[in-house]
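Chains, contacts and geometry: an overview
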Amino acid sequence: MDGAKEMGIRNVSSICSLTKLDEHDLSCLPEKPRLNIERQRSFDERSLSELPTILTRESYDNYDSMHSPCGRSCIDTPASFGGNSFNPHPIVADAWEALRRSLVYFRGQPVGTIAAYHYASEEVLNYDQVFVRDFVPSALAFLMNGEPEIVKNFLLKTLQLQGWEKKIDRFKLGEGAMPASFKVLHDPVRKVETIAADFGESAIGRVAPVDSGFWWIILLRAYTKSTGDLSLAERPECQKGIKLILMLCLAEGFDTFPTLLCADGCSMIDRRMDVYGYPIEIQALFYMALRCALVMLKHDGEGKDCIERIEQRLHALNFHMRSYFWLDFQQLNDIYRYKTEEYSHTAVNKFNVIPDSIPDWIFDFMPMRGGYFIGNVSPARMDFRWFCLGNCIAILSSLATPEQSMAIMDLIEARWDELVGEMPLKIAYPAIESHEWRIITGCDPKNTRWSYHNGGSWPVLLWLLTAACIKTGRPQIARQAIDLAETRLLKDGWPEYYDGKLGRFIGKQARKYQTWSIAGYLVAKMMLEDPSHLGMISLEEDKQRKPLIKRSSSWNC
Ligand code: GLC
């Protein structure tokens, strides 16, 4: 706890192992800038009458017109914008203003950010809600700017929502499920605000967001790491929340793999995109959430049992992912030469992948130097597509070995045109086209080739790339990507996504002033400016992992 004291940690009274795994984290470095107390105070002091409390477009419009004459001076400037730390790009100020405009209040307290600020009224859908996954970059931006209160409010509010009974038709969801999004409803007659949450019962496809709970745990650790305030994670309700989320994933059943079996559309790609099975995005987030939980859970009776299960799962998941999801030139060549129909423990081609099913594009795409975690592995199926989020999270969580992390960066450099092009960053590569698109997406008009989830470019991914670049010691890659984004983002009105092979066109149905595009850019900028921020979202490799657990060793012999 000595280190904790040095960092000005507020509550060190109870025992928590939070610092244990973080010894090597960059944010422990002494040069970490202190929270901007002055900014914090002025934020807390803003009166409700100054700010929108109703989540309707009109209120935002009114707010805009009410305040537009004085512009930014009415809205707090970022701490890093004070002129003392660095010279920001002019669009940084606009980004902060837009981010603050997206704040959502519940009974006077900021609890999140709206998904998109600009939309034609007939296209609202659910973009007027606070999405758990969308709020993550906003939260990081606020934390990096010394404004942790909103993050704390968000964590507690969503935790309360977890406690609701969740039902789709007559079927009850697991207790630990976290919402995909929530909305503040304002009753002007009764003058009360209430919250409506969506756990999948309103979502397209009626799929529960598997990623929400993981992001919640990851964010709780980021908050703790950034503020040094251990008391939030140590609260009994937070400890319970973590355990409930993980109980959904750690229960024993018919699984033969440590990976998590998922329905299509259960994460950022929330429509049918052939992601069902064991998608890399979820496996990487699962891994990261398990590691974050490990450092936050108390070693009491129930906690101990959970910790043991987490350790066993991490061990098996780590082995499975590094062995079966990893693809580089050598591995591709091995798969290309696979024999099939092997039986028994001696099988090399364990999942019976038929070499004829390897798509042509991968032979050109795979560089001699470089590699990545493929999209999905299950019986007789390897989805060779590249998914950005899963690979970046694999680097940040140290699911990837240091060599694998370097190889992922090598691949990004070698395939810059394909993966970055003119606008960072491709969500998935390549796009699915023609007949395949019909069968795989169910003729989805939003996910046509090189658009949206089907090979579209998403500015929000910039923060993940930047974090991965810093972790692997290649900040110049992030710099290049940020430079590209800066030529377009503000001018184009912060679109949700871009279309085309090079990401040159504003997305067909892209929302403007998409909050996570704005926050993602700010986080990328701030991290590059002060790499010590990386510690809140990155975990070093755990070198003390226990020797092989009993069950898997018996399986292996
Ligand atoms: C879209 C995206 C999803 C995001 C939501 C709100 O549905 O696919 O990932 O959370 O919009 O921005």
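The model shown is predicted, which means the values in this text are computed figures rather than measured ones.

Let's shift gears to the site of the ligand. As a structural note, the neighbourhood of the ligand is formed by Ala115, Tyr127, Phe131, Arg133, Asp134, Met268, Asp270, Tyr452, His453, Glu496, Gln514 and Trp516. Within the side chain of tyrosine 127, an N or O atom sits 3.5 Å from an oxygen atom of the ligand. Here aspartate 134 contributes a side-chain N or O atom positioned 2.5 Å from an oxygen atom of the ligand. Its free accessible area being 310 Å², the ligand has 97% of it covered by the protein chains. Here the shell around the ligand is built from residues that sort into 6 nonpolar, 2 polar and 4 charged.

Here strand β1 (residues 103-106) shows two buried faces, one formed by Leu103 and Tyr105 and the other by Val104 and Phe106. Where β1 and strand β2 (residues 109-113) come together, 4 bridges link them in antiparallel fashion. Residue pairing across strands places phenylalanine 106 opposite glutamine 109, the latter belonging to β2. Taken together, β1 and the strand that follows it, β2, pair antiparallel across an intervening segment of 2 residues, in which arginine 107 is found at a positive phi of about 45°.

The next thing to look at is helix α14 (residues 388-396). In terms of residue burial, α14 counts as a mostly covered element, since 9 of its 9 residues are buried. Of the positions making up α14, those classed as buried are Cys388, Leu389, Gly390, Asn391, Cys392, Ile393, Ala394, Ile395 and Leu396. Residues of α14 that are buried in the fold lie against α7 (210-227), α10 (280-296), β10 (371-373), β13 (386-387), α15 (402-414) and α18 (462-471). Positive backbone phi, at 65°, marks serine 398, one or two positions downstream of α14.

Its place among the elements puts threonine 448 in the loop between α17 (434-441) and α18. Note on threonine 448: relative accessible area 22%, which makes it partly exposed. Here the alpha-carbon distance between threonine 448 and aspartate 499, two residues 51 residues apart in the chain, equals 9.7 Å. Look past the residues within four positions of threonine 448 in its chain and what remains in contact with it is Trp437, Asn454 and Lys508. Among the polar contacts listed, one links the side chain of threonine 448 to the side chain of lysine 508, at a separation of 2.5 Å.

Structurally, the position occupied by glutamine 514 is in strand β17 (residues 512-514). When its relative accessible area of 1% is taken as the criterion, glutamine 514 is described as buried.

One pass over the structure, following the stated rule, counts 18 salt bridges. A salt bridge links aspartate 128 to lysine 183, with the shortest nitrogen-to-oxygen separation between them at 2.6 Å. Within this pair, whereas aspartate 128 is found in the loop between β3 (116-118) and β4 (130-131), its partner lysine 183 is found in strand β7 (residues 181-187), the two being separated by 55 residues in sequence. Of the residues examined, aspartate 128 reaches a relative accessible area of 5% and is grouped as buried. Between lysine 243 and glutamate 302 there is a salt bridge, with its nearest N and O atoms 3.8 Å apart. One end of the pair, lysine 243, is in helix α9 (residues 236-250); the other, glutamate 302, is in helix α11 (residues 301-325), with 59 residues separating them in the sequence.

The strand order β4-β7-β8 describes an open sheet built from 3 strands, whose pairing is antiparallel. The open sheet has two free edges, formed respectively by β4 and β8 (192-198), since each of these has just one partner strand. When β7 meets β8, the two strands line up antiparallel, connected through 7 bridges. Of the residues in β8, the one forming a bridge with leucine 185 is threonine 194.

Direction vectors running N to C along helix α6 (residues 149-162) and α7 enclose 145°, while the axes themselves pass 10 Å from each other. Our pair here, α6 against α7, has a crossing hand that is left-handed. Contact residues: Val151, Lys152, Phe154, Leu155, Thr158 and Leu159 in α6; Trp216, Leu219, Leu220 and Tyr223 in α7. Split by residue class, the contact of α6 with α7 holds 8 nonpolar, 1 polar and 1 charged.

To continue, consider the packing of α9 against α11. Viewed as axis vectors pointing N to C, α9 and α11 meet at an angle of 45°, and their least axial separation amounts to 11 Å. As judged from the angle between their axes, α9 and α11 are oblique. Crossing handedness for the pair α9 and α11: left-handed. Residues Lys243, Leu246, Cys249 and Leu250 of α9 form the contact with α11, whose own contacting residues are Glu302, Gly303, Cys306, Arg309, Ile310 and Arg313. Taken together, the residues of the contact of α9 with α11 break down into 5 nonpolar, 1 polar and 4 charged.

Rules of the game
- Residues numbered from 1 in each chain as written.
- Predicted model: local features only at pLDDT ≥ 70, side-chain atom pairs only at ≥ 80, totals over all residues.
- Heavy atoms only, no water.
- Near = heavy atom within 4 Å.
- Polar contact = N/O pair within 3.5 Å; in protein donor to acceptor, adjacent residues only side chain to side chain.
- Areas by Shrake-Rupley, 256 points an atom, 1.4 Å probe, with all protein chains shown as cover.
- Nonpolar A, V, L, I, M, F, W, Y, C, P; charged D, E, K, R; others polar.
- Buried < 20%, exposed > 50% of the residue type's maximum accessible area, 1.4 Å probe, protein only.
- Helix = DSSP H or I, 4+ residues; strand = E, 2+ residues; numbered from the N terminus.
- Pairing = 2+ DSSP bridges.
- Contact = heavy atoms within 4.5 Å.
- Salt bridge = Lys/Arg side-chain N within 4 Å of Asp/Glu carboxyl O.
- Axes fitted to C-alpha atoms, helices over the stretch in contact; angles between N-to-C directions.
- Left-handed = near helix turned anticlockwise from the far one by under 90°.
- Parallel < 35°, antiparallel > 145°, perpendicular 65-115°, else oblique.

No statement about biological role is implied by the geometric values presented.
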